[in-house]
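Letter by letter, the chains look like this.
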Amino acid sequence: MPRLSEVIAALENLWPAQRAESWDAVGTVVGDPDQEVGRVLFAVDPVQEIADEAVKLGAGLLVTHHPLYLRGTTTVAASTFKGRVVHTLIKNDIALHVAHTNADTADPGVSDALAGALDLRVVRPLVPDATDPEGRRGLGRVCALDHPLTVRELAERAARCLPATAQGIRVAGDPDAVVRTVAVSGGSGDGLFDDVRAAGVDAFLTADLRHHPASEARAHSPLALLDAAHWATEWPWCELAAAQLDEISDRHGWDLRVHVSKTVTDPWTAHAASTATTSPSGAPN
């Protein structure tokens, strides 16, 4: 079995920490570089349910997309929920490694996995990485469909192909409009509207779309918006990343067993469709 330091070196080669945004917190959070690793678990969120799953699996390494401590901390006391995660991992000799924005812009990265889950053909990055001479790295992806779909059909495909969540897929725009090109970005994407408009696509699929940015985007152009759950748009990366580590393990002759968590850690747990037939009066802004 490889040592943790060897596995981490392979992961750093896939997602170099220096390619993360300056505000991000990526890399190894806990773990002894000399410990042996036999099982690896990939997940989106480093929450207690996932830590417990790693313990039950007998994993030596947990790799998550989201950081545990994004804004720093002054305590890892087990009386805090994040501190409890740290204690659970250390007590059970489980390392934690994070690949966040450095995985978002990788080639292949989070949005490639999202496009693949939706059976879209990637054409180019939505926001290219200026340091990549081949023009393959960057944030988001501009994609083409093999054959045109209506916005409604594309939303139905997304609902069918992405992991099920309480939110499902929200749509802004004409459901019968024809889509031939679509931009995708795993995770929160409403800061990318200028880039999406510049790309000239028919639709944009992402997550966490807020009222005002979405309203303004619709006022600018007939661009259709498809808003999925944040967790659902990033979970396909776990399968991609696991396959990448599997290939590395085979190449090096490591006896690694790589797993992907199926635990749904999206925080929203239920959805009630609106049934009101009259407009509310005195609604707040």
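My aim in this report is to walk through the structure given alongside it, one point at a time. (Residues numbered from 1 in each chain as written. Predicted model: local features only at pLDDT ≥ 70, side-chain atom pairs only at ≥ 80, totals over all residues. Heavy atoms only, no water.)

What follows is about the pattern of salt bridges. All told, the structure shown has 10 salt bridges when counted by the stated rule. Across the salt bridge formed by Arg136 and Asp107, the nearest N and O atoms sit 2.8 Å from each other. Here the residue Arg136 occupies a position in the loop between strand 5 (121-128) and strand 6 (138-150), and Asp107 occupies one in the loop between helix 4 (101-104) and helix 5 (110-117), the gap between them amounting to 29 residues. The exposure class assigned to Asp107 is partly exposed, which follows from its relative accessible area of 36%. (Salt bridge = Lys/Arg side-chain N within 4 Å of Asp/Glu carboxyl O. Helix = DSSP H or I, 4+ residues; strand = E, 2+ residues; numbered from the N terminus. Buried < 20%, exposed > 50% of the residue type's maximum accessible area, 1.4 Å probe, protein only.)

Our focus in this paragraph is the sheet that holds strand 3 (residues 61-64). On the basis of which strands lie adjacent, the open sheet formed by five strands has the order 1-4-3-2-11 and mixed pairing. Of all the strands in the sheet, the pair left with one neighbour each is strand 1 (27-30) and strand 11 (257-260). Taken over all neighbouring pairs, the strand axes of this sheet differ in orientation by 25 degrees on average, direction set aside. In this structure, strand 2 (residues 39-43) lies alongside strand 11, joined through four bridges in parallel fashion. Its bridge partner lying in strand 11, Val40 is registered against Val258. (Pairing = 2+ DSSP bridges. Axes fitted to C-alpha atoms, helices over the stretch in contact; angles between N-to-C directions.)

Turning our attention to helix 5. Of all eight residues making up helix 5, six are buried, and the element is well covered by its neighbours. Within the sequence span of helix 5, burial applies to Val110, Ser111, Asp112, Ala113, Leu114 and Ala115. Packed against the buried residues of helix 5 are helix 4, strand 5, strand 6, strand 8 (178-188), strand 9 (203-207) and helix 9 (230-252). (Contact = heavy atoms within 4.5 Å.)

With that settled, consider unusual backbone geometry. Along the chain, Asp107 connects to Pro108 via a cis peptide bond; the corresponding omega equals 0 degrees. Among the secondary structure elements, Pro108 is positioned in the loop between helix 4 and helix 5. Phi angles above zero are rare outside glycine, and Asp93 is one such case at about 55 degrees.

Residues that lie three or four places apart on an α-helix share one face, since the helix turns once every 3.6 residues. Where helix 3 (residues 81-91) is concerned, the buried positions are Gly83, Val85, Val86, Thr88 and Leu89. Buried-residue contacts for helix 3 involve strand 1, helix 2 (48-57), strand 3 and strand 4 (95-98). Trailing helix 3 by a residue or two, Asp93 shows a phi angle of about 55 degrees, which is positive.

Once that is clear, we can look at the nonpolar core. Nonpolar side chains in soluble globular proteins tend to be buried together. Within the largest apolar cluster, 52 residues are counted, with the highest numbers of intra-cluster contacts made by Trp15, Phe42, Leu61, Val182 and Trp237. Element by element, the count of residues in this core is highest for helix 9, at nine residues. Discounting chain neighbours no more than four positions away, the residues touching Val182 are Leu120, Arg141, Val142, Cys143, Leu145, Leu154, Val201, Ala203, Phe204 and Leu205. (Core = buried A, V, L, I, M, F, W, Y, C linked by side-chain atoms within 4.5 Å.)

Moving on to the pairing of strand 10 (residues 224-228). The buried fraction of strand 10 is high, at five of five residues. Burial of strand 10 is two-sided: the residues Ala224, Leu226 and Ala228 facing one way and the residues Leu225 and Asp227 facing the other way are all buried. Sheet topology places strand 7 (residues 170-172) next to strand 10; three bridges connect them, and they run antiparallel. Paired with Ala172 across the two strands is Leu225, which belongs to strand 10. Across five bridges, the pairing between strand 9 and strand 10 is parallel. Looking at strand 10, one finds that Phe204 is bridged to Leu225.

For the rest of this paragraph, the subject is the packing of aromatic side chains. In this structure the tally under the stated criterion is three aromatic pairs. Measuring from ring centre to ring centre gives 6.3 Å for Phe42 and Trp237, while their planes differ by 75 degrees; the resulting arrangement is edge-to-face. Residue Phe42 is located in strand 2, and its partner Trp237 is located in helix 9; the two are separated by 195 residues in the primary sequence. Take Phe42: its relative accessible area is 0%, and that puts it in the buried class. Here Phe193 and Phe204 contribute two aromatic rings whose centre-to-centre distance is 5.8 Å and whose plane-to-plane angle is 75 degrees, an arrangement assigned as edge-to-face. Taken together, the residues Phe193 in helix 7 (residues 193-199) and Phe204 in strand 9 connect sequence positions 11 residues apart. Following the ring pairs from residue to residue traces out a cluster consisting of Trp15, Phe42 and Trp237. (Phe/Tyr/Trp six-rings, centres within 6.5 Å; stacked < 30°, edge-to-face > 60°.)

As far as function goes, none of this settles anything; it's purely spatial.
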